[in-house]
Every structure is written in structure tokens, then in C-alpha cells.
Amino acid sequence: MAVVKILKEGETNIDSTDIWRFNFHSDFPTFKIAEKGSHEISIQTGNTADAGSAYVILHELGYKPIFFAWIEYDGKSYPIYGEGDSQIKGILDEYGDETMIVVYTELDTDNLTIGVYSAPYGVQSTKSFIIRWLIMIDEF
Amino acid sequence: MNFNMAVLLIAKKTKDALSGVEKDLAFSSNRSCMIEMFSDNIELTTNGDGNGTLEITHNLGYVPAFFMFEKGYLDTLYWYPQYAMQVYATTTKLIVKANCLDANTTYNIFYSISGNRQDDAEGSGNNNVSGRLRISKSGYDAETEMDVRNMRFISGKNVPKIDEDLSGSVTETINSDYPYPTLITIPHNLGYVPVCFVFDSDLGKILPYTVPLYGGASMIHHVDDTNLYIEARSGENPESETFKYIILRDKIA
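Residues numbered from 1 in each chain as written. Chains lettered and ligands numbered in written order. Predicted model: local features only at pLDDT ≥ 70, side-chain atom pairs only at ≥ 80, totals over all residues.

### Side note on the overall build of chain A
Move 1: The helix and strand inventory of chain A stands at zero helices and 10 strands.
Move 2: Ordered by position in the sequence, the α and β elements of chain A form the string β-β-β-β-β-β-β-β-β-β.
Move 3: Along the three orthogonal principal directions, the C-alpha set of chain A runs to about 65 × 35 × 20 Å.
Move 4: Residue pairs at least 24 apart in sequence account for 60% of intrachain contacts in chain A once pairs closer than 6 positions are excluded. (Helix = DSSP H or I, 4+ residues; strand = E, 2+ residues; numbered from the N terminus. Contact = placed C-beta atoms within 7 Å.)

### Some words on the sheet that holds strand β14 (residues 194-200) of chain B
Residues and elements named next belong to chain B.
Move 1: Taken in spatial order, the four strands line up as β12-β19-β14-β15 in an open sheet, and their pairing is antiparallel. The open sheet is flanked by β12 (168-174) and β15 (205-206), the only strands paired with a single partner.
Move 2: Summarising the sheet, β14 and β15 pair through two bridges and their orientation is antiparallel. Note on β15: the bridge partner recorded for phenylalanine 199 is isoleucine 206. (Pairing = 2+ DSSP bridges.)

### Looking at the domain arrangement of chain B
Move 1: In terms of domains, chain B is made up of domain 1 (1-31), domain 2 (32-159) and domain 3 (168-251).
Move 2: One C-alpha centre belongs to domain 1 of chain B, the other to domain 3 of chain B, and the line joining them spans 32 Å. (Domains from an automatic or database assignment.)

### Some words on the interface of chain B and chain A
Move 1: Taken together, the contact between chain B and chain A spans 55 residues of the former and 50 residues of the latter.
Move 2: Within the residue set of the side of chain B that touches chain A, elements represented by two or more residues are β2 (25-28), β5 (64-71), β7 (86-89), β14, β15, β16 (209-210) and β19 (239-251) of chain B.
Move 3: Per element, the largest residue contribution to the side of chain B that touches chain A is five residues, and it comes from β19(B).
Move 4: The residue inventory of the side of chain B that touches chain A, partitioned by class, reads 26 nonpolar, 12 polar and 17 charged. (Nonpolar A, V, L, I, M, F, W, Y, C, P; charged D, E, K, R; others polar.)

### Concerning the environment of B:Phe38
Residue and element names in this part refer to chain B.
Move 1: Mapped onto the elements, phenylalanine 38 comes out in strand β3 (residues 36-45).
Move 2: On the basis of neighbour counts, which here come to 19 C-beta atoms within 10 Å, the residue phenylalanine 38 falls in the partly exposed class.
Move 3: Expressed as a C-alpha distance, the spacing of phenylalanine 38 and asparagine 158, which sit 120 residues apart in the sequence, is 9.1 Å.
Move 4: Among residues more than four places away in sequence, those in contact with phenylalanine 38 are His58 and Ile113. (Buried ≥ 20, exposed ≤ 12 C-beta atoms within 10 Å, placed from the backbone.)

### Some words on the domain arrangement of chain A
Move 1: Domain boundaries in chain A define domain 1 (1-30) and domain 2 (32-139).
Move 2: Measuring from the centre of the C-alpha atoms in domain 1 of chain A to the corresponding centre in domain 2 of chain A gives 36 Å.

### A look at the pairing of strand β6 (residues 76-80) of chain A
All names here are of chain A.
Move 1: The element β6 is largely enclosed, with a buried count of four among its five residues.
Move 2: When strand β5 (residues 65-73) meets β6, the two strands line up antiparallel, connected through five bridges. Note that in β6 the partner of tyrosine 73 across the bridge is lysine 76.

### A closer look at the environment of B:Lys23
Move 1: As for its placement among the helices and strands, B:Lys23 is situated in the loop between β1 (9-11) and β2.
Move 2: Separated by 210 residues in the primary sequence, B:Lys23 and B:Arg233 place their C-alpha atoms 32 Å from one another.
Move 3: Contacts of B:Lys23, omitting those with residues within four sequence positions, involve A:Ile137, A:Asp138 and A:Glu139.

### A few points about the nonpolar core
Move 1: Counting 97 residues, the largest nonpolar core has A:Phe67, A:Val116, A:Trp133, A:Met136, B:Cys196 and B:Ile246 as the members making the most contacts within it.
Move 2: A per-element tally of this core places strand β10 (residues 127-139) of chain A first, with seven residues.
Move 3: Here A:Met136 is in contact with A:Phe31, A:Lys32, A:Ile33, A:Ala34, A:Pro65, A:Ile66 and A:Phe67, once residues within four sequence places are set aside. (Core = buried A, V, L, I, M, F, W, Y, C linked by C-beta atoms within 7 Å.)

### Side note on the environment of A:Glu11
All names here are of chain A.
Move 1: Turning to its location among the elements, glutamate 11 is positioned in the loop between β1 (5-7) and β2 (22-25).
Move 2: Its 14 C-beta neighbours within 10 Å are what place glutamate 11 among the partly exposed residues.
Move 3: Each C-alpha atom, one on glutamate 11 and one on phenylalanine 67, is 30 Å from the other, the two residues being 56 residues apart in sequence.

### Regarding the confidence of the model for chain B
Move 1: Taken over all residues, the pLDDT of chain B has a mean of 94, while the share at 70 or more is 97%.
Move 2: Scored as a whole, the predicted complex attains pTM 0.95, and scored at its interfaces, ipTM 0.96. (pLDDT = per-residue confidence, 0-100.)

### Examining the pairing of β5(A)
All names here are of chain A.
Move 1: Within β5, eight of the nine residues are buried, which leaves the element mostly enclosed by the surrounding structure.
Move 2: Pairing geometry for β5 and β10, over seven bridges, is antiparallel. By the bridge assignment for β10, isoleucine 71 is matched with isoleucine 131.
Move 3: Where β5 folds back on β6, the antiparallel hairpin that results is connected by two residues, among which aspartate 74 adopts a positive phi of roughly 55 degrees.

### Some remarks on unusual backbone geometry
Move 1: Omega for the bond connecting A:Ala119 with A:Pro120 falls within 30 degrees of zero, at 0 degrees, which places this linkage in the cis form.
Move 2: Its place among the elements puts A:Pro120 in the loop between β9 (111-119) and β10.
Move 3: Cis geometry is found at the peptide bond from B:Leu207 to B:Pro208, where omega equals 5 degrees.
Move 4: For B:Pro208, the location among the structural elements is in the loop between β15 and β16.
Move 5: Phi is positive for B:Thr14, which is not a glycine, with a value near 70 degrees.
Move 6: Following the sequence through the fold, B:Thr14 ends up in the loop between β1 and β2.
Move 7: For B:Thr14, a count of 8 C-beta atoms within 10 Å corresponds to the exposed category.

Right under this line is the structure:
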């Protein structure tokens, strides 16, 4: 088959088998963005989570696609994985102690859900976050 | 999608570019790529309190898509997806912080910062398009556009390269005994440490996945220059899980 290759700047061997030396190589598919967007979610005062603290993104690809997601708070945007400590600092719980803000994603063949909760106690005051996502055509 | 324009479609090996099945394509000018603007493998050394900060300036003027891998906290031999470090992006920088990790210790960090915004929105004001093969987003002129946010592909920058022969899936029964996880080893034999992503297809969770407070499941992957490893522990009972993994030819180290 014909192959399309584009070397990185400074590289000279178009026949190299070190594929990392290429910016593009048609034998190795690249990520292609199918869906993208952003949305504001929030946790209301006293809650660990509520109806507004998760958002469902319809992708309708019929399979489970590769995706990337991030959550922004106070001008800082953190990566989101399956579930875990967001590393967002400085949010207090209802007892005045710093709470852990946990972020999560759930993916199925039609939807990507992105959500957040405070653990173990509710937040002292309403907190809003911006979530952003890139969903690929490419299948996991 | 504008089908009145000429399109460039490149099929995956053994697939038909004209089949109409987009996931069979290695490349499509109808879709935006993730365009890597900056990447590097750098060190972060903590102070006597286990704290340290790296500031990586990108100056894009917006919050870019990014991902990060780290080595040295959970294990000194393997690269993990960002886990122990705090990392966040602002409109000008990527900030990596060690907060109360091991004192006076050097950790390795690999980062990849895209030209894409995190929502792939368009914009103006930058002059950062390079390369001779340029494909713009709809409504922009590929010959004159200068802001990478308005481009679907530029040949002057790297795009991720998936090795479909090395990527695949594996099904295993996952141990529930704390703290002993099930370890799955997947050879890649590339001779360098590749970027890779892992997804638990049964739970719908991309790794790492750690339920922090309820003694629940914990799953993370790590990689070296020979193998990809998936380290997983289920919740209360052993569970059969199918993991799908994507191995890129792009290099962490």
C-alpha cells in the first residue's frame, strides 16, 4: 500500500522505522475529534453531589470511543480520568475543613458522563466548575 | 461537515477509505486532529518538605488540551499516568506540583500540550501554524490561517500515532484482596517507553480509577520500554474485567 509520511523537523530519514521520528505516518492512525464541548456543573451548598454536579454528553457512536476530559476551577484546568482526587485545592466542607473534590467519567456506547462530588462531606458553599471534553472517532 | 470541499481520507491498513465508516480511517480532513505543540521529558526535584513546582510556559493564551505521565513516586522504574502529582493548565502555563511527596527526591515528568483548546473551540491572535501540508477548519483559509486553533491538521507539528497491532484488549478476573492487586503484563517490545491509555470496558472507566474513600476498586496502568502493565484490584468481590489499551508510537522516554 502507498504510505504517507511526514518527518519531524530535523529528521532526515524518511525510511526510518522509528515511528516517533514522524509527525504523521499513515500506517499509524491519529486521533480524530468527533465531539467536543464544555459545560458548567456545580455542587450546591451542603451537598456532596446533586442533579447539577454531573453532565451527560451524547456521542451516539455505537461504540466506546477514546476521549479526554478536564475540569476547571479558579482558572486552573485539571485532567479527569475514570475516578479519583481531582487535586483541586482550597474548597471547604460544611465543617470548615478542606474537602476532597473527586471527579469521574463513565463511558458507554452512546454517552460520556462527567461528574464531580465532594468527599466525605458536603461543600460549605456552592461551587461551580467548567468541564471540557474531546471525544474521538477512534475506538478504545 | 462540508462535503462540497475536496477531502483527504486515508484508510487504516486493510480498510477501505471510501467505506463510509469513519473509525476505519487513519486520517480524515473532515475531522480535527489533536495537534501537539509542546512535549518534553523533564525533572521535578522536591525540597526537604517533599514539595516542588514546575512551571512550563506555553503562552497560547487559552487553556490547551494536555496529558501527563510521571515516574518516581509509585515506582521508580515505571511511568504512570498523572497520579501523585498535581497538574493543571492555565492560559499561559502548565503547572506541575509535588505536594508532600518524598523529600529531596527527583521525579520524572512527561507532558504533551496540544494546540487544541480543551473544547477544540476556534480563536484568533496566535501565529503558530507550521508545515507545508495544512488543512483548516471549515470557514478558514488553509493558505493564510495563522492560528492553530483554526486548523484540523498541520504537518509542522506532531499528531498521536496509534499502533493498532500493539493495541488490543485483555480480560482477566481481578483480585479483591487488599492490598494485592492483579497484575496484567502486555508486551510491546518497542525498546522505549510509549504513550499509552487504558480503559476498563466493563466499568466504562478510563484508568487511573481509584474510588478514594469507600475501599472500592483501584486500577492504574504503568509502562516501561518492554511492557504495559495493568494493576487492578476490584471492590468487595473478584470481578472479571475487560481492559482495552491503546499504545502509541509516540515516545515518553
